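Listed below, chain by chain, are the residues.
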Amino acid sequence: MAEALGVADTRRLHSKPQDLNDAYGPPSNFLEIDIFNPQTVGVGRSKYTTYEVRMRGSLMPYPANCCLDVKGNHSQEFSDPGETKSASTNLPIFKMKDSCVRRRYSDFEWLKSELERDSKIVVPPLPGKALKRQLPFRMDEGIFEESFIEERRVGLEQFINKIAGHPLAQNERCLHMFLQEESIDRNYVPGKILCKWTTKD
């Protein structure tokens with residue numbers, strides 16, 4: 001009897017062999033955000049820099065300069081069919097698997113403020129506002145220097161990936177609006193996004 005149980009117990013320990021796809025393929029719930037393509041617009045006090053914010057997951061044949069609009073349509077034709085760029089997520093909580101929007105620094109500040117007010121997560125800091133770079137009569141471009149814009153881009157990308165990777169933050173309506181809506185409605189009603197699972201009878 002003991003021997004039989006021992007055999008049965010040993011058999012239960014056997015698992016399905018792992019192939020290369022299992023070992024090195026993307027995880028089942030994958031979300032990563034790219035911050036790229038900064039553009040400075042306006043003049044004088046109305047001058048500011050925006051960044052493209054793109055959700056990505058599995059590899060898809062999008063060129064590096066191709067952004068998706070909020071409906072998931074390509075904004076540009078492929079410049080090189082062999083060039084690939086990741087641009088989707090497979091997390092079921094998000095209503096769109098592909099999205100690309102443009103945001104400025106103040107939009108990231110808004111998101112941070114909303115999460116601190118309504119969620120129970122510890123929100124990471126944003127890259128600093130660099131107030132000294134905004135002083136008048138500087139001999140350089142201040143916050144519009146290419147090196148500073150790149151430094152801020154890296155900081156914003158780290159910030160949004162920490163936020164988007166948190167399971168509690170993924171339910172927040174403000175994060176969904178930030179990542180997937182063309183414009184941010186600052187008068188929105190805060191709340192949670194519920195994942196709608198489909199079941200078969």
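Residues numbered from 1 in each chain as written. Predicted model: local features only at pLDDT ≥ 70, side-chain atom pairs only at ≥ 80, totals over all residues. Heavy atoms only, no water.

## Quick word on the overall build of the protein
Piece 1. Along the backbone of the protein there are five helices and five strands.
Piece 2. Along the protein, helices and strands appear, N-terminal first, in the series α-α-β-β-β-β-β-α-α-α.
Piece 3. Among the 201 residues that make up the protein, the fraction classed as buried is 36%.
Piece 4. Of the contacts made within the protein by residues no fewer than 6 positions apart, 62% connect residues no fewer than 24 positions apart.
Piece 5. As presented, the protein carries roughly 13400 Å² of accessible surface, and 53% of it is formed by carbon and sulfur atoms. (Helix = DSSP H or I, 4+ residues; strand = E, 2+ residues; numbered from the N terminus. Buried < 20%, exposed > 50% of the residue type's maximum accessible area, 1.4 Å probe, protein only. Contact = heavy atoms within 4.5 Å. Areas by Shrake-Rupley, 256 points an atom, 1.4 Å probe, with all protein chains shown as cover.)

## Regarding the environment of Glu-181
Piece 1. For Glu-181, the location among the structural elements is in the segment after α5 (173–180).
Piece 2. Between the C-alpha atom of Glu-181 and that of Arg-102, which follows or precedes it by 79 residues, the distance is 9.6 Å.

## A closer look at the packing of aromatic side chains
Piece 1. Tallying each qualifying case throughout the model produces three aromatic pairs.
Piece 2. For the ring pair Phe-108 and Phe-178, a centre distance of 4.9 Å and an interplane angle of 70° mean the geometry is edge-to-face. With a gap of 70 residues between them, Phe-108 in helix α3 (residues 105–118) and Phe-178 in helix α5 connect regions that are remote in the sequence. An identical accessibility class is assigned to Phe-108 and Phe-178; each is buried.
Piece 3. Ring geometry for Trp-110 versus Tyr-188: centroids 5.6 Å apart, planes at 65°, classification edge-to-face. Residue Trp-110 is located in helix α3, and its partner Tyr-188 is located in the segment after α5; the two are separated by 78 residues in the primary sequence.
Piece 4. Since its relative accessible area comes to 8%, Trp-110 is described here as buried.
Piece 5. Feature note: the residues Phe-108, Phe-159 and Phe-178 constitute an aromatic cluster, connected by ring pairs.
Piece 6. Cation over ring: Arg-152 sits above Tyr-105, and NZ or CZ is 3.9 Å from the ring centre. (Phe/Tyr/Trp six-rings, centres within 6.5 Å; stacked < 30°, edge-to-face > 60°. Lys NZ or Arg CZ within 6 Å of the ring centre and 35° of its normal.)

## Here's the deal with the pattern of salt bridges
Piece 1. Under the defined criterion, the tally for this structure stands at nine salt bridges.
Piece 2. Of the charged contacts, one joins Arg-153 and Glu-157 as a salt bridge, the two residues approaching to 3.5 Å between their closest N and O atoms. In this pair, Arg-153 and Glu-157 are both assigned in helix α4 (residues 146–164), four residues apart and thus about one turn of the helix distant.
Piece 3. Classification of Arg-153 by relative accessible area gives buried; the value is 15%.
Piece 4. Exposure remark for Glu-157: the relative accessible area of 22% places this residue in the partly exposed category. (Salt bridge = Lys/Arg side-chain N within 4 Å of Asp/Glu carboxyl O.)

## Some thoughts on the packing of α4 against α5
Piece 1. One can describe the packing of α4 onto α5 by two numbers: an axis separation of 11 Å at closest approach and a directional angle of 135°. Comparing the axis directions of α4 and α5 gives the class oblique. Between α4 and α5 the crossing geometry is left-handed. Between α4 and α5, the residues in contact are Ile-160, Ile-163 and Ala-164 and Leu-175, Phe-178 and Leu-179, respectively.
Piece 2. Of the residues belonging to the contact of α4 with α5, the class tally is six nonpolar, no polar and no charged. (Axes fitted to C-alpha atoms, helices over the stretch in contact; angles between N-to-C directions. Parallel < 35°, antiparallel > 145°, perpendicular 65-115°, else oblique. Left-handed = near helix turned anticlockwise from the far one by under 90°. Nonpolar A, V, L, I, M, F, W, Y, C, P; charged D, E, K, R; others polar.)

## Describing the sheet that holds strand β5 (residues 99–104)
Piece 1. Spatial ordering of the open sheet is given by β1-β2-β5, a layout of three strands whose pairing is antiparallel. Single-partner strands in this sheet number two, and they are β1 (32–41) and β5. For this sheet, the mean inter-axis angle between neighbouring strands, taken without regard to orientation, is 25°.
Piece 2. Direction of pairing for β1 relative to strand β2 (residues 48–56): antiparallel, over a ladder of eight bridges. Its bridge partner lying in β2, Ile-33 is registered against Met-55.
Piece 3. Most of the contacts of α5 go to β5, to which it runs at about 95°, and overall it touches β1, β2 and β5. (Pairing = 2+ DSSP bridges.)

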